[in-house]
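# Topology and contacts: notes
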Amino acid sequence: MNELRSILVHLGASTHNVARLRLAHVLAEPERTHITALYAVEPAALQAAYGLGEGSALAWTLGEQLDHDRRASARRLFERERGDANPMLTWADLGTRPPVQGFAEQAWCADLMVLGQAHQDDKDGQAVPAEFVESVILASGRPALVVPAFGDHTSLGQTVLVAWKRSREAAHAMSSAMPLLRSAKTVHLLLPGSAQEAGAPVEGGLDPIGWLAAHGVTPEIHRGVVDADHPGESLLSVSADLGADLLVMGCYGHNRAREWALGGATRSVLRAMTLPVWMAH
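Residues numbered from 1 in each chain as written. Predicted model: local features only at pLDDT ≥ 70, side-chain atom pairs only at ≥ 80, totals over all residues. Heavy atoms only, no water.

### A closer look at the overall build of the protein chain
Looking only at helices and strands, the protein chain has 11 helices and 12 strands in total. The proportion of buried residues among the 281 residues of the protein chain is 49%. Nonlocal contacts in the protein chain, meaning residues at least 24 apart in sequence, comprise 78% of its contacts between residues at least 6 apart. Just so you have it, the protein chain exposes about 13600 Å², and 52% of that area is on carbon and sulfur atoms. (Helix = DSSP H or I, 4+ residues; strand = E, 2+ residues; numbered from the N terminus. Buried < 20%, exposed > 50% of the residue type's maximum accessible area, 1.4 Å probe, protein only. Contact = heavy atoms within 4.5 Å. Areas by Shrake-Rupley, 256 points an atom, 1.4 Å probe, with all protein chains shown as cover.)

Structure (structure tokens):
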């Protein structure tokens, strides 16, 4: 894990901020990794400004108060987690800047983003754009660790499942996660059913097994175990069967008509994830 020198953690108006901060600490190397907790939300007061007619001034005032309360709550939580002896953890605030673009631009100077799964039961979730996680991953090009909305995941990285396919996204995900793969007790590598699909398109060519071996990682190989019709659900099922505490996979999507269009597996995993997922686009 000693290659992670800068981690950017997303703080919203949610109680799930704690899990993200603590998992960032699990990844960080003491005295060497700087963690920035960046508060990035859609300002309620700014949203209220779009209201017209009678009552809009009151809505603006109430929105400002809500913004103040949310920011103060997030800052108190941050200070509790930092304590008195963690100078490598700092607070940052986007203010009224658009949260997706602002966060993505900050991530360009970070080795890893730590983000939180969106969940409908999070009463403060409306403070963050509905597709914040996937939009930031696609816009920044940086790897992200996405933390489930529920559960304790501080044992991260003991048993890792890598979902491989011949794609730029899968290669980026596995390469960026290599520090964790090297330190894991067990690495499972999921390969497509055929050798050609798995990554040796020419005789004597490079493949993911040899790539991992070059980094001192000897994975357990599983071929053709992912249901092609339901890849996201299948990946989560295999993760549970193998007792994985981390899933490494590509994040697939593209910009179409100003909206992020995600691949089916990416969307399914982000919606139903039960373990941390390391993603890269």
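### What about the packing of aromatic side chains?
Enumeration according to the criterion identifies four aromatic pairs in this entry. Taken together, a centroid distance of 5.8 Å and an interplanar angle of 20° make the contact between Tyr 39 and Trp 91 stacked. Taken together, the residues Tyr 39 in strand 2 (residues 34-39) and Trp 91 in strand 3 (residues 89-93) connect sequence positions 52 residues apart. When sorted by exposure, Tyr 39 lands in the same class as Trp 91, which is buried. Centre to centre, the rings of Trp 164 and Trp 211 are 6.2 Å apart; their planes meet at 80°, and the pair counts as edge-to-face. One end of the pair, Trp 164, is in the loop between strand 6 (159-163) and helix 6 (168-176); the other, Trp 211, is in helix 9 (residues 208-214), with 47 residues separating them in the sequence. In this structure an aromatic cluster arises from ring pairing among Tyr 39, Phe 78 and Trp 91. The ring of Tyr 252 is capped by Lys 165, whose NZ or CZ atom sits 4.8 Å from the centre of that ring. (Phe/Tyr/Trp six-rings, centres within 6.5 Å; stacked < 30°, edge-to-face > 60°. Lys NZ or Arg CZ within 6 Å of the ring centre and 35° of its normal.)

### Here's the deal with the pattern of salt bridges
One pass over the full model with this rule turns up nine salt bridges. For Glu 81, the salt bridge goes to Arg 22, with nearest N and O atoms at 3.1 Å. Taken as a pair, Glu 81 in helix 3 (residues 56-82) and Arg 22 in helix 1 (residues 17-27) lie far apart in primary sequence, 59 residues in all. We note a salt bridge from Glu 169 to Arg 168, for which the minimum N-O separation is 3.4 Å. The class of Glu 169 is buried, set by a relative accessible area of 12%. Residue Arg 168 is classed as exposed on the basis of its relative accessible area of 56%. (Salt bridge = Lys/Arg side-chain N within 4 Å of Asp/Glu carboxyl O.)

### Remarks on the environment of Leu 270
Within the secondary structure layout, Leu 270 lies in helix 11 (residues 264-272). Judged by its relative accessible area of 11%, Leu 270 falls in the buried class. Considering only alpha carbons, one finds Leu 270 and Gly 116, 154 residues apart in sequence, at a separation of 9.8 Å.

### Here's the deal with the environment of Ala 280
Secondary-structure assignment places Ala 280 in strand 12 (residues 277-280). For Ala 280, a relative accessible area of 0% corresponds to the buried category. Put simply, Ala 280 and Leu 145 are 135 residues apart on the chain and 9.0 Å apart in space, counted from C-alpha to C-alpha. Discounting chain neighbours no more than four positions away, the residues touching Ala 280 are Pro 143, Glu 169, His 172, Ala 173, Ser 176, Met 249, Gly 250 and Cys 251.

### Quick notes on the sheet that holds strand 2
Reading across from one edge, 3-2-1-4-5-12-9-6-7-8 is the order of the 10 strands in this open sheet, with mixed pairing throughout. Across the chains shown, the open sheet's two edge strands, defined by having one partner strand only, are strand 3 and strand 8 (220-223). Between one strand and the next, the sheet's axes are offset by a mean angle of 20°, whatever the strand orientation. Here helix 1 sits on the sheet in contact with strand 1 (6-11), strand 2, strand 3, strand 4 (112-116) and strand 5 (144-147), set at roughly 170° to strand 1. The strands touched by helix 5 (residues 132-140) are strand 1, strand 4, strand 5 and strand 12; relative to strand 4, the strand with the most contacts, the crossing angle is about 165°. (Pairing = 2+ DSSP bridges. Axes fitted to C-alpha atoms, helices over the stretch in contact; angles between N-to-C directions.)

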